[in-house]
Amino acid sequence: MHEIVDRNINSSFEMQCYVRVAEAVANPINGLDDFHLSEMTARPLGNGQIELDLIGVLTHNGKPVILEGIVFNEQRSN
């Protein structure tokens, strides 16, 4: 994700971001195997940051879930 954070947010960026988030959600190692991603929005915050909102459903009961305000920073920690 870090390599795309500093790009302009357009339809290409949003598609790349959605694919990466969907892959992360689908990976059982990340502990989100009961969540199915259906929508995502991305907003630039400036200073190499983007904010994501994720919308999906819990697979075991079908209840909708909204995860808001997830912030990604361009800088990686050392």
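Above this note sits the structure.
Please read these numbers as outputs of a predicted model, since none were measured by experiment. (Residues numbered from 1 in each chain as written. Predicted model: local features only at pLDDT ≥ 70, side-chain atom pairs only at ≥ 80, totals over all residues. Heavy atoms only, no water.)

Draft legend 1. Region of interest: the sheet that holds strand 3 (residues 64-73). Read from one edge of the open sheet, 3 strands run 1-2-3, paired in antiparallel fashion. Looking at which strands have only one partner, the edges of the open sheet turn out to be strand 1 (35-46) and strand 3. Averaged over all pairs of adjacent strands, the angle between their axes in this sheet comes to 20 degrees, without regard to strand direction. Sheet analysis places strand 1 next to strand 2 (residues 49-58), joined by 10 bridges and oriented antiparallel. Looking at strand 2, one finds that Ala42 is bridged to Leu52. Packing against the sheet, helix 1 (residues 11-26) makes contact with strand 1 and strand 2, and its axis sits at approximately 135 degrees to strand 1. (Pairing = 2+ DSSP bridges. Helix = DSSP H or I, 4+ residues; strand = E, 2+ residues; numbered from the N terminus. Axes fitted to C-alpha atoms, helices over the stretch in contact; angles between N-to-C directions. Contact = heavy atoms within 4.5 Å.)

Draft legend 2. Quick look at the pattern of salt bridges. Within this structure, the stated rule accounts for 2 salt bridges. The salt bridge partner of Arg43 is Glu51, with a shortest N-O separation of 3.1 Å. Across the salt bridge formed by Arg43 and Asp53, the nearest N and O atoms sit 3.1 Å from each other. Of this pair, Arg43 sits in strand 1 while Asp53 sits in strand 2, placing them 10 residues apart in sequence. What emerges from the salt-bridge pattern is a single network uniting Arg43, Glu51 and Asp53. (Salt bridge = Lys/Arg side-chain N within 4 Å of Asp/Glu carboxyl O.)

Draft legend 3. Here's a closer look at the nonpolar core. Among the nonpolar cores identified, the biggest contains 12 residues, and these are Phe13, Cys17, Val21, Val25, Phe35, Leu37, Met40, Ala42, Ile50, Leu52, Leu54 and Val65. Elements supplying a minimum of two residues to this core: helix 1, strand 1 and strand 2. (Core = buried A, V, L, I, M, F, W, Y, C linked by side-chain atoms within 4.5 Å. Buried < 20%, exposed > 50% of the residue type's maximum accessible area, 1.4 Å probe, protein only.)

In short, shape yes, function no, at least from these values alone.
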